[in-house]
Amino acid sequence: MDFGRSDLRWRLPTAIKILIAGGFGAGKTTMVGAVSETRPLRTEETLTHIGTYVDDLSGVEAKPTTTVAMDFGRITIRGDYMLYLFGTPGQERFWFVWDDLTMGALGAVVLADTRRLADCFPAVDYFERRETPFVVALNCFDGATPFTVGEVRRALELEPDIPIVRCDARRRDSGKEVLITLVEHAMRRGVTPVGTAS
């Protein structure tokens, strides 16, 4: 059977772009790798002793690499939707790529390491200024200091409607729950996935 262009367009899944952002060492690369159905694309480089003069390794001293451009992964939802996940670099010197990565995004997950909560402030500020829907995901590292959701909301000065969830970035099911929370939040705010607007 010969399909015209319009027939083919309706058979392709709707693309949904989501960012995974947060501070240096918060678990962004880990989360993208845990939930992606394909082998994730990573742009990591080995941390060297020279980087210790630039990057604060407090609390993440064992971290051997750092993302210098982005991480990329993909999830298919019932064949109708394709989630494209873009993990942003955490260090300030790589923030210039955020503007390009944010274009066309449905929303963002701000991954927060509760041992270094202040590191996620720039991501929260960035998405608030751009009016991009986002959720805060508290990555519960082993031995991390537990904060209540209310304490985190007050510390980050978040509006009451912005979801805060706990997660383990290493676990696929936990990461998927975070992504579901983000998509539902974005839809409540009236954001439509690319390709579904009438």
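Remember, it's a predicted structure, so these values are computed and weren't measured experimentally.

Q: What should I look at first to understand the layout of surface pockets in this one?
A: In this structure, the second largest pocket encloses a volume near 350 Å³. Contributions of two or more residues to the lining of the second largest pocket are made by strand 3 (65-77), strand 4 (81-87) and helix 6 (172-188). The greatest single-element share of the lining of the second largest pocket, amounting to six residues, is contributed by helix 6. In terms of residue class, the lining of the second largest pocket is built from 10 nonpolar, one polar and three charged.

Q: Is there a simple way to explain helix 6 in this structure?
A: Count 3.6 residues to each turn of an α-helix, and residues three or four apart come out pointing the same way. Along its 17 residues, helix 6 runs 25 Å from first to last C-alpha, staying within 8% of the 24 Å computed at 1.5 Å per residue. Two residues or fewer past helix 6, Gly190 is found with a positive phi of approximately 85°.

Q: Please clarify how the confidence of the model for the protein should be interpreted in this entry.
A: Low pLDDT marks stretches whose predicted atomic positions should not be read closely. Per-residue pLDDT for the protein has a mean of 79; in total, 70% of the residues score no lower than 70. Here helix 1 (residues 5-11) stands out as the least confident element of the protein, with mean pLDDT 51; strand 6 (residues 134-139) is the most confident, with 96.

Q: Would you mind going over the packing of aromatic side chains with me for this structure?
A: Aromatic ring pairs are defined here through the distance separating the ring centres and the angle between the ring planes. One pass over the structure, following the stated rule, counts four aromatic pairs. On the numbers, 5.2 Å between centres and 85° between planes, the contact of Tyr126 with Phe127 is edge-to-face. You can call Phe127 buried: its relative accessible area is 0%. If you follow Lys17 out to its NZ or CZ, it ends over the ring of Phe86, 5.0 Å from the centre.

Q: It is not clear to me how the side chain of Arg153 should be interpreted in this structure. Could you clarify?
A: Position of Arg153 relative to the elements: it lies in helix 5 (residues 149-156). For Arg153, which is buried and forms no salt bridge, the nearest opposite charge comes from Asp161, at a distance of 6.3 Å. Within the structure, Arg153 has its side chain in polar contact with the backbone oxygen of Ile162 (distance 2.9 Å). Excluding anything up to four places from it in sequence, Arg153 contacts Leu158, Glu159, Pro160, Ile162 and Ile164.

Q: Can you walk me through empty space enclosed by the protein in this structure?
A: Rolled over the atoms, a probe as big as a water molecule pinpoints where empty space is left. For the coordinates displayed, the defined rule picks out one cavity of 30 Å³ or more. As a volume, the largest cavity reaches approximately 40 Å³. Considering the residues around the largest cavity, the lining is formed by Gly23, Phe24, Ala26, Leu111, Ala112, Asp113, Arg116, Asp119 and Cys120. Grouping the amino acids of the lining of the largest cavity by side-chain chemistry returns five nonpolar, one polar and three charged.

Q: Sorry if this is basic, but what is going on with the environment of Ala169 here?
A: The topology assignment puts Ala169 in the loop between strand 7 (164-167) and helix 6. Judged by its relative accessible area of 2%, Ala169 is buried. Put simply, Ala169 and Ala137 are 32 residues apart on the chain and 9.1 Å apart in space, counted from C-alpha to C-alpha.

Q: Is there a simple way to think about helix 2 (residues 28-35) in this case?
A: Most of helix 2 sits out of view: six of its eight residues are buried. The set of residues buried in helix 2 consists of Lys28, Thr29, Met31, Val32, Ala34 and Val35.

Q: Would you mind going over the pattern of salt bridges with me for this structure?
A: Side chains that differ in charge, positive against negative, can pair when their charged atoms come close. Summed over all chains, the structure comprises seven salt bridges. A salt bridge links Asp168 to Arg170; the nearest nitrogen and oxygen atoms lie 2.8 Å apart. A relative accessible area of 47% places Arg170 in the partly exposed class. Across the pair Asp173 and Arg171 runs a salt bridge whose closest N-O atoms are separated by 2.8 Å. On the accessibility criterion, Asp173 (45% relative accessible area) is partly exposed.

Q: For this particular structure, what's the right way to read the pairing of strand 1 (residues 14-22)?
A: For a regular strand, side-chain orientation follows a simple rule: the groups alternate between the two sheet faces. Counting buried positions along strand 1 gives eight out of nine residues, so the element sits mostly inside the fold. The pairing of strand 1 with strand 4 spans seven bridges and is classified as parallel. Note on strand 4: the bridge partner recorded for Lys17 is Tyr84. Strand direction decides the pairing type here: strand 1 and strand 5 (residues 105-113), joined by six bridges, are parallel. Bridging from a neighbouring strand, Ala21 pairs with Val110 of strand 5.

The rules behind each value
Residues numbered from 1 in each chain as written. Predicted model: local features only at pLDDT ≥ 70, side-chain atom pairs only at ≥ 80, totals over all residues. Heavy atoms only, no water. 1 Å grid on protein atoms, 1.4 Å probe; cavity = no way out; pocket = protein on both sides within 12 Å on 5 of 7 lines; lining within 4 Å. Points joined across faces, edges and corners; volume = space filled by probe spheres on them. Helix = DSSP H or I, 4+ residues; strand = E, 2+ residues; numbered from the N terminus. Nonpolar A, V, L, I, M, F, W, Y, C, P; charged D, E, K, R; others polar. Expected span 1.5 Å × (residues − 1). pLDDT = per-residue confidence, 0-100. Phe/Tyr/Trp six-rings, centres within 6.5 Å; stacked < 30°, edge-to-face > 60°. Buried < 20%, exposed > 50% of the residue type's maximum accessible area, 1.4 Å probe, protein only. Lys NZ or Arg CZ within 6 Å of the ring centre and 35° of its normal. Lys, Arg positive; Asp, Glu negative; His and termini not counted. Salt bridge = Lys/Arg side-chain N within 4 Å of Asp/Glu carboxyl O. Polar contact = N/O pair within 3.5 Å; in protein donor to acceptor, adjacent residues only side chain to side chain. Contact = heavy atoms within 4.5 Å. Pairing = 2+ DSSP bridges.

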